[in-house]
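Here's the letter readout for the chains.
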Amino acid sequence: MIEKELRRRGSKITNLFVVLVKTSRIYDSTNVTYVNSFQAFTSALREYLSEMNRFELQTVYDLLFVSGVRLRIDLEAYINFEFLVEEFKRWDLGEIAFSAGIGDEEIEKFLRIFRSPPKTDPFTFLKETLSREGITNIQVAPPIDVESKLVTEDHRRERAKVAYFSSISAIKEIAHNLRTKQIVGLGRVKRVIYTLVDSLFEDESVLLGLTAIKNFDDYTYNHSVNVSILALAVGNKLGLSKVALGRLGVAAIMHDIGKTLLDRALINSPDGLTDQQWLEMKRHPIFGMERIIELKKLDPTGVLAALVAIQHHINYDLSGYPIAIPGDVLNLFSRLIRIVDSYDAMTTARPYQPIPYLPDLAIKALWRKRETSFDPLLLKLFIRTVGIYPIGTIVRLTSGEIGMVTGVNISALDRPVVKVIIDADGNIVKERIRNLEREPIRVDRSIRPENLGINIADYLL
Amino acid sequence: MAIVAEVKGLFQKLIKAVKALQMYGEGHPSFNEFFQNLYRDLDDYLLRFGDFTLEVQQFGVSCEGEEIYKDEDRSTSLPYRLFSDGIRAIGFHPGLTEAELKQFLSLLIKEVKPQEEDLATLIWEGDFSHISCDIVQQGVEVPEEVKPVDYLSERGEKKIHLAYPIEEDELRRFTIPLSEVALTDPEIEELKREVQMVDRAVYHDFIISFERAPLTSEQSYIIFFEGLSELARELLRLGDLEGIARLIRLGRREEFSNKEPLRLRFEKFVDFVNSEEFVRPLIRFLIENWTKVDQTIAREIMGLLDKRSIPTLFALYKEAKGYELEQFLARLIAGYGDAAIEFFTKVAEEREADDVLATLKIIGTTEMKDATKYIVGLFSFPSSEVKMKAIENLIALGEGDALTNISRLIADPNESVRIATVKAIAQFGAIKFADYLHEIITGDDFKDRSYEEKRAFVFAYADLLKEELIPFFEKGLNRWNPMKSNHIEEMRNLSALALGRIGTSSSLSVLLKGSKSHRKAVREASVRGLKLFEKRGRDDREGAEEKRE
């Protein structure tokens, strides 16, 4: 089954499973609501099993997978999927698998057992009870070994890296062509963005990690690609279709294209801008809209890109530049780019801002400006995407260890997954992963990598 | 494992279908044959053996490492085109639908806009559920090592300006309450609503931003104006009439209409608005959303339609079902006045009776002015139904020259026209013609007319004046006929029937009296009159009962 189809049907069955689990805890087995949800789940499951033999529902960190394909936790599935992730955690479960030939009785028995876990060793209890009850077509497994998962994701990481660097190259090419007045088209940009979207569907954490690597190239290009990835990750949570994500990605990567028309000395000025220079700088959204229109693209992609270009410096309260008047409605996508653009700009060192915000502090700074500069709902969704300690943040743990955040726990945003780099005694550590949600350790504080001589790219690439 | 020999056969069929599509286009029987052949076998294969993958090389295609197709001619080679666009593998999966396969084939022959798209992007945008592609990014090197630029050391001792004031200690002390970061159900619903409307909002907001933005490049205005039609088409698809109205207002702004390049492009946009491609979906949208549409905005857009849109409006009128919709379209068409009449005349020249009847219906229901000449022109139309309707319209219009024309029609050399005319006169109660009818009925040449025509005239006359005519018909019933004139007998019979048709107590008493006459002819005619009287009374009673029920 093609990945897209697997994802679609996997989401549907998972959703029905959650509804059934919830219903079974409220109603008895004769209640019509229960009967209906039971039938809905079993018929969808059996249809799937007739083709695939086995339906495997897995969690890795807080992500849900069906037979190895990651499910989208978008607005539609937000509440149900979070519930399921929590349930897996309560039972210390990594996987529930349903096999072909499963009977109604087995499912009913399972639902009865699955109501509340015992306080000690819930997984063993579940596994043994299933066996004792003769439930052979539902198997459970403990959480998947994170290390082996990382190994199996190597090829995805490679693909994401290629997509990332291709995007930088594509936006560079467009900027160069615009500057030198050569023919410009969006073909190449579209192509790299579409690959980013595909990578995002596979595993967004790899791409989000790449956005943490800053300043290895011209700021504008590096930044444009980061903004695109961050926007795509939030857009994915919003439940946008694949094609809509493609358009959003193109618009995001093009948002600063107007800057290509500004004097490079102005952009890279190490000192503060004079009033006159600042006025000039404020024209880049207008230049951006103009250049995108001049690409002769008034199709949905071009229109969105031009809109985002002109609106991305307008605040939620309609202050900002270049222009908005009371009563205007700022577009959803522009509000989203406003957040991710600010976040990436704040966390990136530039000639005129050599000390950037640490990622967690940037998140806090954004949060303090919700309702004024940033859309509060989108900001929440953004934080739920990148966490309180975004991937790539170097942190000191209460254990005294120092590590880099490599994953986000949606149900415990302040307790990320951390790859330990230096142990409490100051020794370099290679393969130690701490999922803070499962351990009595907390983040003590974030640290500037350069203070420890750490190049995060060494760990993320 | 794919069955290579079978896949080879399938790919050859795919090539044939692609070539047929290229040569004949979709919908052509030759293409359909090739396509059905391909789909049937492909579907059958996927059901029996499951997925298979085609590996794409520069000039060939392989399956399981075995070459199954080769074409080294760069101008025709499909593998070459796929390979050049970065496609390295194509997978087909069970569940593939006919529509999907057809869409896929149409992409393979699509002429791409260089720099804007290629096969890889088109296939990706196609978002296929049962066809997958492996696409490579060409010419990109992933760096082995990446070192961040240290702007701080580069600065040396210079003072640091911060774009963002970093209040690090203060921020460290600040904590985001995690409970507040969770999205509540109403918040999720709010976002979902916005996501559902986002396509429409993007276009709408883009136009508002364009209106406001102090753009400096004349070229971008030119391109925007060039794209007005494309924008309007999309806005209409998204149901955003206000957006279309904004485009119109923008085009009419003085600062733009004064500029020749922009004015010319706006004119082209107006042409597009009047084309069938736009008018048809526009009207359909208005029809479906009539109660929800802002009428002022709708009128503003309709104001841009000129006589060029009449043929489309007329075509829609003919298809329209339901009184309200017909009225809406009829009024739109009638609103074009002379231009509409000019169009109707052209329609009549085509000699399609149904079309002409539709034009008459529009004239009739909207009481269109200045249509007399057109209607009169239809009196020579071959279809008597058209003539009848034309007369009806003419009478309904009731204008001075319309009446003159009616008089002319009553004397038309063609009997069916004369009959249709008097029937219409009666139907519309055009009492002003009563004297004229009297003149004809009592005239010398009336006797030479057919019984059918005489009946039409007598009945029309009776219907117009009713009781007033009882003495006249009594006279006709009892008329002395010593010479056995056929005409007098016909008129006796028709007078009796007219009395029965009038159906009042006075006309009944005349007929009863006649039925006791010593003259056989009078008796027989009176009995026929009485029968008609009774029948009409029964019909009326039944009608009244039905109404009561």
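Not measured: the values here are computed from a predicted model. Each chain has its residues counted from 1, running along the sequence as written. A letter from A marks each chain and a number from 1 marks each ligand, given out in the order of writing. Where local features are concerned, this predicted model is filtered to residues with pLDDT of at least 70; where side-chain atom pairs are given and counted, the filter is 80 or more; whole-chain, interface and lining totals use all residues. Side-chain measures were taken over the full set of non-hydrogen atoms in the model, leaving aside hydrogen atoms and water.

**Thoughts on the side chain of Glu-453 of chain B**
To keep things clear, this is the line we draw: In this description a helix means any DSSP run of H or I spanning at least four residues, a strand means any run of E spanning at least two, and both kinds are numbered starting from the N terminus. Here, two residues are considered to be in contact whenever any of their heavy atoms come within 4.5 Å of each other.
Within the secondary structure, Glu-453 of chain B is located in helix 27 (residues 451-465). Those residues within four positions of Glu-453 of chain B in sequence are excluded, and the remaining contacts are Glu-415, Arg-418 and Ile-419 of chain B.

**Quick notes on the domain arrangement of chain A**
Residues and elements named next belong to chain A. To keep things clear, this is the line we draw: Where each domain begins and ends follows an automated or database-derived domain assignment. Buried area, as used here, totals the accessible surface that two parts lose on assembly, with accessibility defined by a 1.4 Å probe and the loss added over both. A pair is scored as a salt bridge if a Lys or Arg side-chain nitrogen falls within 4 Å of a carboxyl oxygen belonging to Asp or Glu. The definition of a polar contact used here is a pair of N or O atoms within 3.5 Å, where within protein one atom must be able to donate a hydrogen and the other to accept one, and adjacent residues in sequence count solely through side-chain atom pairs. Classes in brief: Ala, Val, Leu, Ile, Met, Phe, Trp, Tyr, Cys and Pro nonpolar; Asp, Glu, Lys and Arg charged; the others, Gly included, polar.
Entries for chain A in the domain assignment read domain 1 (1-144), domain 2 (148-386) and domain 3 (393-459). Between domain 1 and domain 3, the C-alpha centre-to-centre distance is 32 Å. Surface buried jointly by domain 1 and domain 3 totals about 730 Å² across both partners, of which 49% is contributed by carbon and sulfur atoms. Taken together, the links from domain 1 to domain 3 amount to two salt bridges. Here Arg-438 ties to Asp-92 by a salt bridge, and the two come within 3.3 Å at their closest N and O atoms. Between the two partners, domain 1 and domain 3, sit four residue pairs in polar contact (both at pLDDT 80 or more). Taken together, the residues that form the side of domain 1 that touches domain 3 break down as three nonpolar, no polar and five charged.

**Quick word on the environment of Lys-22 of chain A**
Residues and elements named next belong to chain A. Following the sequence through the fold, Lys-22 ends up in helix 1 (residues 3-24). It is 9.2 Å that separates the C-alpha atoms of Lys-22 and Arg-115, two residues lying 93 residues apart in sequence. Beyond its immediate stretch of four places on either side in the chain, Lys-22 contacts Ile-79, Asn-80 and Phe-83.

**Quick look at the packing of aromatic side chains**
Given two aromatic rings, their pairing is described by the distance between the two centres and the angle made by the two planes. In plain terms, the rule: Stacked, tilted and edge-to-face pairs are distinguished by plane angle, under 30 degrees for stacked and over 60 for edge-to-face with tilted covering the rest, among Phe, Tyr and Trp rings (Trp via its six-membered ring) whose centres lie within 6.5 Å. Classification of residues uses two cut-offs on accessible area relative to the type maximum, computed with a 1.4 Å probe and protein chains only: under 20% is buried, over 50% is exposed, and between them is partly exposed. Charge-over-ring placement is defined geometrically: NZ (Lys) or CZ (Arg) within 6 Å of the ring centre, and within 35 degrees of the ring normal.
Enumeration according to the criterion identifies 41 aromatic pairs over all chains in this entry. Consider the rings of Tyr-164 of chain A and Phe-165 of chain A, whose centres lie 5.4 Å apart with planes at 85°: the pair is edge-to-face. Taking 5.6 Å as the distance between ring centres and 35° as the angle between the ring planes, the aromatic pair formed by Phe-31 of chain B and Phe-35 of chain B counts as tilted. Residue Phe-31 of chain B and its partner Phe-35 of chain B are both found in helix 2 (residues 29-49); the two are separated by four residues, about one turn of the helix. For the pair shown, Phe-31 of chain B and Phe-35 of chain B are each scored as buried. The structure contains a cluster of three or more aromatic residues connected by ring pairs, namely Phe-17, Phe-41, Tyr-48, Phe-55, Trp-91, Phe-98, Phe-110, Phe-114 and Phe-125 of chain A. Between the NZ or CZ atom of Arg-88 of chain B and the centre of the ring of Phe-83 of chain B, over which it lies, the distance is 3.7 Å. One cation-aromatic arrangement involves Lys-102 of chain B over Phe-35 of chain B; the distance from NZ or CZ to the ring centre is 5.0 Å.

**So, helix 17 (residues 295-302) of chain B**
Since there are 3.6 residues in each turn of an α-helix, residues three or four apart along the chain are aligned in direction. All names here are of chain B. The condition that has to hold: Directions are taken from the helix axis to each C-beta atom, and the arc is the one they span.
Buried residues of helix 17: Ile-297, Ala-298, Ile-301 and Met-302, and no others. Projection of helix 17 onto a plane perpendicular to its axis shows the buried side chains occupying an angular sector of 135°, all on one side. Exposed side of helix 17, more than 90 degrees from the buried face: Thr-296 and Arg-299 are the residues found there. Buried-residue contacts for helix 17 involve helix 13 (241-252), helix 16 (276-288) and helix 19 (323-334). Of the residues flanking the start of helix 17, the one acting as N-cap is Asp-294, its side-chain oxygen 2.9 Å from the backbone nitrogen of Thr-296.

**Focus on the interface of chain A and chain B**
Many analyses report the size of an interface as the accessible area lost when the parts associate. At the junction of the two partners, chain A supplies 101 residues and chain B supplies 85 residues. Across the chain A to chain B interface the summed buried area is about 8500 Å²; carbon plus sulfur atoms make up 63%. Sorting the residues of chain A by area buried against chain B places Arg-191, Leu-298 and Arg-368 of chain A first, and these three jointly supply 9% of that buried surface. Here Glu-170 of chain B ties to Arg-368 of chain A by a salt bridge, and the two come within 3.0 Å at their closest N and O atoms. Along the contact surface separating chain A from chain B lie 21 residue pairs in polar contact (both at pLDDT 80 or more). Tallying contributions element by element places helix 8 (residues 187-202) of chain A first for the side of chain A that touches chain B, with nine residues. Of the residues contributing to the side of chain A that touches chain B, the split by class is 58 nonpolar, 13 polar and 30 charged.

**Some thoughts on helix 30 (residues 505-515) of chain B**
Residues and elements named next belong to chain B. Residues Ser-507, Val-510, Leu-511, Gly-514 and Ser-515 constitute the buried set of helix 30. Along the axis of helix 30, the buried residues cluster in a sector spanning 135°; they form a single face. Of the exposed residues in helix 30, the ones pointing more than 90 degrees away from its buried face are Ser-505 and Lys-513.

**Quick word on the pairing of strand 1 (residues 52-56) of chain B**
All names here are of chain B. Just so we agree on the cut-off: When DSSP finds at least two bridges between two strands, those strands are taken to pair.
Across the two faces of strand 1 the burial differs, with Phe-52, Leu-54 and Val-56 buried and Thr-53 and Glu-55 not buried at all. The pairing of strand 1 with strand 4 (residues 87-92) spans four bridges and is classified as antiparallel. Looking at the pairing, Glu-55 lines up with Ala-89 of strand 4. Judged from the two bridges that link them, strand 1 and strand 2 (residues 60-63) form a sheet pairing that is antiparallel. What sits directly across from Val-56, in strand 2, is Val-61.

**Points about the packing of helix 23 (residues 384-397) of chain B against helix 25 (residues 415-427) of chain B**
Residue and element names in this part refer to chain B. Spelled out, the test is: Lines are fitted to the C-alpha atoms to define the axes, a helix being fitted only along its stretch in contact, and any angle between axes, read from their N-to-C directions, falls within 0 to 180 degrees. Any angle that is under 35 degrees is reported as roughly parallel, and any over 145 degrees as roughly antiparallel; angles of 65 to 115 degrees are reported as roughly perpendicular and all others as oblique. In this scheme the handedness of a crossing depends on how the near helix is turned from the far one: anticlockwise by less than a right angle means left-handed, clockwise means right-handed.
Where helix 23 meets helix 25, the closest approach of the two axes is 9 Å, and the angle between their N-to-C directions is 40°. With respect to each other, helix 23 and helix 25 are oriented oblique. Considering how the two elements wind past one another, helix 23 and helix 25 form a crossing that is right-handed. Between helix 23, through Lys-387, Met-388, Ile-391, Glu-392 and Ile-395, and helix 25, the contact on the second element is made entirely by Ser-416, Val-417, Ala-420, Thr-421, Lys-423, Ala-424, Ile-425 and Gln-427. Among the residues making up the contact of helix 23 with helix 25, the classes are represented as seven nonpolar, three polar and three charged.

**Details of the pattern of salt bridges**
Applying the stated criterion across every chain yields a total of 65 salt bridges over all chains. The salt bridge involving Lys-380 of chain A is made with Glu-187 of chain B; its shortest N-O contact spans 2.9 Å. Here Glu-187 of chain B lies in helix 9 (residues 185-196) and Lys-380 of chain A lies in helix 18 (residues 376-386), a pairing that spans two chains. By relative accessible area, Lys-380 of chain A is classed as buried at 10%.

**Section: the sheet that holds strand 10 (residues 443-447) of chain A**
Residue and element names in this part refer to chain A. Pairing is antiparallel in the open sheet, where five strands are placed in the order 9-8-7-6-10. The open sheet has two edge strands with one neighbour each: strand 9 (428-435) and strand 10. Between one strand axis and the next, the sheet turns by 35° as a mean value, whatever way the strands run. Two strands pair when backbone bridges link them, and strand 7 (residues 402-407) and strand 8 (residues 417-422) are joined in this way by five bridges, in the antiparallel orientation. Opposite Ile-402, over in strand 8, you have Ile-422 as the bridge partner.

**Observations regarding the side chain of Arg-448 of chain A**
Considering the arrangement of structural elements, one finds Arg-448 of chain A in the loop between strand 10 and helix 19 (457-460). A polar contact of 3.0 Å, which involves the side chain of Arg-448 of chain A, links it to the side chain of Glu-168 of chain B. Ignoring any residue separated from it by four or fewer positions in sequence, one finds Arg-448 of chain A in contact with Ile-355, Pro-356, Tyr-357 and Leu-358 of chain A together with Glu-168 of chain B.

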